[in-house]
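Listed below are the residues making up each chain.
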Amino acid sequence: MRYFNLAFNKPIDATFTYKEDAKERAAVGKRARVFFGNSTQVGYIVEEKAAPPPDLPLEKIKPITRVIDDSPIFDQREVELARWIANYYLCAFGEALATILPSGKKTKPFPSFSDADMDEVTPTLSDEQAAALSAIFADQMTASEGATPRRSKKPMTYLFGVTGSGKTEVFLRAAEETIRRNESVIYLVPEISLTIQTAEVINRRFGGAASTLHSGMTPGERLNEWLRARNGEVRIVVGPRSAIFAPVRNLGLIIVDEEHDGSYKSGSTPRYHARQVAMRLCASEGARLLMGSATPSIEAWRLMAEHNVPSSSHLIQRLNLTRRLAGGSTPEITIASFGKKDGRLTRELKAEIRKTALMGRQTILFLNRRGFAYFYHCPDCGFELACQNCSVSLTYHKARNRAVCHYCGYSETPPKACPNCGSVNAGYAGFGAESVEDEVKSAFPDLRVRRIDADAVAEGGSLKETMDAFRRGEFDLLLGTQMVAKGLNFPGVRLVGVVLADTGLHIPDFRAIERTFSLIVQVAGRSGRFFPDGKVVVQTFRPTDPAIVKACALDVEGFFTEELQQRELLNFPPFSRIIRFTIRSKDMERAAKAIERLASLALPLLPPDADALGPAECPLSLIAGNYRYQLILRGKTMSTLHSAARSALSTYNNAKDTRCYLEVDVDPVSLM
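An account of the accompanying structure is given in this report. (Residues numbered from 1 in each chain as written. Predicted model: local features only at pLDDT ≥ 70, side-chain atom pairs only at ≥ 80, totals over all residues. Heavy atoms only, no water.)

## Focus: the nonpolar core
Looking at soluble globular proteins, one finds that nonpolar side chains tend to be buried together.
Consideration 1: Ranked by size, the top nonpolar core spans 116 residues in total, and within it I244, F245, I254, L289, V538, I579 and F581 carry the most contacts.
Consideration 2: The contacts of F581, once residues within four sequence positions are left out, are I595, L598, Y629, Q630, L631, L633, A645, L649, L662, E663 and V664.
Consideration 3: L125, F137, V201 and V238 belong to the second largest nonpolar core, which has 29 residues in total. (Core = buried A, V, L, I, M, F, W, Y, C linked by side-chain atoms within 4.5 Å. Buried < 20%, exposed > 50% of the residue type's maximum accessible area, 1.4 Å probe, protein only. Contact = heavy atoms within 4.5 Å.)

## A closer look at unusual backbone geometry
Consideration 1: Note the cis peptide between T269 and P270, where omega equals -5 degrees.
Consideration 2: At E258, a residue that is not glycine, the phi angle is positive and equals roughly 50 degrees.
Consideration 3: As for its placement among the helices and strands, E258 is situated in the loop between β12 (251-257) and α7 (274-285). (Helix = DSSP H or I, 4+ residues; strand = E, 2+ residues; numbered from the N terminus.)

## Some details on the packing of helix α16 (residues 588-602) against helix α17 (residues 638-654)
Consideration 1: One can describe the packing of α16 onto α17 by two numbers: an axis separation of 8 Å at closest approach and a directional angle of 135 degrees. With respect to their mutual orientation, α16 and α17 come out oblique. The hand of the α16/α17 crossing is right-handed. Across from A594, R597, L598, L601 and A602 in α16, the residues of α17 making contact are A648, T651 and Y652.
Consideration 2: Residues that form the contact of α16 with α17 fall into these classes: six nonpolar, one polar and one charged. (Axes fitted to C-alpha atoms, helices over the stretch in contact; angles between N-to-C directions. Parallel < 35°, antiparallel > 145°, perpendicular 65-115°, else oblique. Left-handed = near helix turned anticlockwise from the far one by under 90°. Nonpolar A, V, L, I, M, F, W, Y, C, P; charged D, E, K, R; others polar.)

## As for the environment of L321
Consideration 1: Within the secondary structure layout, L321 lies in strand β14 (residues 316-321).
Consideration 2: In this structure, the C-alpha to C-alpha distance between L321 and F160, residues 161 residues apart in sequence, is 6.2 Å.
Consideration 3: In contact with L321, not counting residues within four places along its chain, are E128, Q129, L159, F160, G161, V162, S165, G166, K167 and V170.

## Side note on the environment of T195
Consideration 1: Locating T195 in the fold gives a position in helix α5 (residues 192-206).
Consideration 2: Look at T195 and you get buried, because its relative accessible area is 1%.
Consideration 3: Residue contacts for T195: discarding those within four places in its chain leaves V189, H214, V238, G239 and P240.

## Remarks on the side chain of E352
Consideration 1: Here E352 lies in helix α9 (residues 347-358).
Consideration 2: Sequence-distant contacts of E352, defined by excluding residues within four places in its chain, comprise R494, L495, K535 and V537.

## A word on helix α6 (residues 219-230)
Consideration 1: With twelve residues, α6 ought to run about 16 Å at 1.5 Å a step, and its terminal C-alpha atoms sit 16 Å apart, in line with that.
Consideration 2: Most of α6 is tucked away, with nine of its twelve residues classed as buried.
Consideration 3: Among all positions of α6, only G220, L223, N224, E225, W226, L227, R228, A229 and R230 are buried.
Consideration 4: Against the buried residues of α6 lie β3 (31-36), α1 (76-88), α2 (93-100), β10 (210-212) and β11 (236-239). (Expected span 1.5 Å × (residues − 1).)

## So, the pairing of strand β8 (residues 156-161)
Consideration 1: A large share of β8 lies buried, amounting to six of its six residues.
Consideration 2: On β8, burial covers both faces: M156, Y158 and F160 on one face and T157, L159 and G161 on the other are all buried.
Consideration 3: Where β8 and strand β13 (residues 288-293) come together, five bridges link them in parallel fashion. In the strand pairing of β13, M156 is matched with L289. (Pairing = 2+ DSSP bridges.)

## Let's talk about the sheet that holds strand β18 (residues 395-397)
Consideration 1: Here three strands make up an open sheet; going across it, the order is β18-β19-β20 and the pairing antiparallel. Here the strands that pair on one side only, and so sit at the sheet edges, are β18 and β20 (411-412).
Consideration 2: Two strands pair when backbone bridges link them, and β18 and strand β19 (residues 402-404) are joined in this way by three bridges, in the antiparallel orientation. Pairing of Y396 across the sheet is with A403, part of β19.

## Considering the packing of aromatic side chains
Consideration 1: Taken as a whole, this structure holds 19 aromatic pairs when the rule is applied.
Consideration 2: Ring centres 5.3 Å apart and planes at 85 degrees place the aromatic pair F160 and W301 in the edge-to-face group. In this pair, F160 sits in strand β8 while W301 sits in helix α8 (residues 298-305), placing the two residues 141 residues apart along the sequence.
Consideration 3: Looking at F160, the relative accessible area reads 12%, which means it is buried.
Consideration 4: Note that R83 overlies the ring of F93, its terminal NZ or CZ placed 4.2 Å from the centroid.
Consideration 5: Between R450 and the ring centre of F475, over which it is positioned, the NZ or CZ distance is 4.7 Å. (Phe/Tyr/Trp six-rings, centres within 6.5 Å; stacked < 30°, edge-to-face > 60°. Lys NZ or Arg CZ within 6 Å of the ring centre and 35° of its normal.)

## Here we look at the pattern of salt bridges
Consideration 1: A full pass over the atoms with the stated rule returns 43 salt bridges.
Consideration 2: Of the charged contacts, one joins R494 and E352 as a salt bridge, the two residues approaching to 3.1 Å between their closest N and O atoms. Note that R494 is positioned in strand β24 (residues 493-498) and E352 in helix α9, a separation of 142 residues in sequence. In terms of burial, R494 and E352 fall into one category: buried.
Consideration 3: Measuring nitrogen to oxygen at the nearest pair gives 3.4 Å for the salt bridge that ties D509 to R515. (Salt bridge = Lys/Arg side-chain N within 4 Å of Asp/Glu carboxyl O.)

## Observations regarding the pairing of strand β27 (residues 611-623)
When a strand is regular, its side chains alternate between the sheet's two faces.
Consideration 1: As judged from the seven bridges shared by β27 and strand β28 (residues 626-635), these two strands associate in the antiparallel manner. Each bridged residue has a counterpart across the sheet, and for A612 the counterpart in β28 is L633.
Consideration 2: Between β27 and β28, which pair antiparallel and follow one another directly, the connecting turn spans two residues, one of which, A624, has a positive phi of 55 degrees.

What follows is the structure in structure tokens.
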């Protein structure tokens, strides 16, 4: 009789012993269905034992009911990575392992790509691109004084290049060289929209040797591609955040495109960051890490600045691409301040839209806000219409005639008069993508206009079809939210309009300014990529705000210099590390008591160079009917914070209030 330890996707930091199944198909690396408590659950077989634990009576050991997989889908590599994720991000081992592994059943196999499409003409590299590619593969040599030089671990490299400077081609050439060396590649992009675009390029370059992994696939499709990578059938895997776990053989290179993007951070347990996991994998498997962006994260920027500092533990060599290729040049960027007579579009932006249309070229309008209007206010009594479940305003969606909460989905019919005092002066202010669409169509009835955001996609629009149609010139103006701001390449675009640059500056989060700067620079980069006459108009109520001014000047160096000074003064990352605890509960008093108890356990454990923010209400204090409180631990090193957090969590969980839910976020990217 054999015995097996199984892990489960539950917040329980333990494995459980089961007897061999009747058909003797159980093996480490397979999934199995078993009785767990009062129900059947899928578990992961992580260890085989010749004998059960001595303190566990034989009659209490249940047998494995059914083995799901014909052959193992994971091995010790995934187990070790899951243990690291559980340790670093303070979650259960089973939760980490479940995040890494696919959940589907094997279906009829199919290749993601076909060799028949490999017809791309490889462009000639510029001098800067060629120098960068050479530097990526120039392994560093290290030696102590008097010792024989030895090869060190492969360096981390950052490709810092203006938009349109050819970063993608350098990434592809690096992937080609890695595969030529009989190694494999993981290529990360931040969004599914970019996965589609990048996958098409990779298909033409690598054909059947390439694969994709993303959330738009069915569980069965994901499992098929997972097994192809595990079996060595594919040499390059492209996808968003979760593709970092692709089980490629002989990993030689991980590419993190648009490294700055917040979508690389998971929003659910375990709250891992794909960049951090990539660093871990490259260190453990001796692979290269190649990152890139026109607007690096502030953490990456500081590590690049410290590249020549001997005491730095994680050095990143910076490679610059300074010139636009394909005939483009840096666009002319203008700040347009809203006037009293302006609607959603200033006179400057309207004039440029018309000029662009007369030239037979295309326009992108960017607004990081869905809906028609976002703020219902009564000027007579001060009433504001908010979600009954969340501490946020309801956004008016004209097409549905509903006021909708973008956090919990609650909606209601907009009132015709103030619900509090009956005033007919009450109404919606501000504007979203729907109202901008209405104004554009009214001002330019002859233009073909398309809106692309989460609402438009949910209503049946295909993101890929829309992007392809715009690239073919089938409509003149594309209006969208963040979907149009990231890495997309449209040859016909002359004009980019940032409809309202201020939206992110009012958020009570220390990263808000960095995100605003990055978004403006990134969306401006969609203009003038193939022609030297690109134009960007940035509309704002705050034309002298430093982040907006520097973004419009494309002054990345200047922005990071000032922002790092502010972060150091305030002791925020990257000059400190933080762990955020969030308690949520339907009962406000219970949530408040729970966070106070957790604080009383954690604060005495902090070292002298660490402190805490809170406990306090979260900026978004009510979401989906749950009251939210937070405690933020802050210190110079993560090791000391980890120690305090683990001890506090262990004691807290021994007598926790089961009507309160605790979220743990290590290195959070948002404090909302």
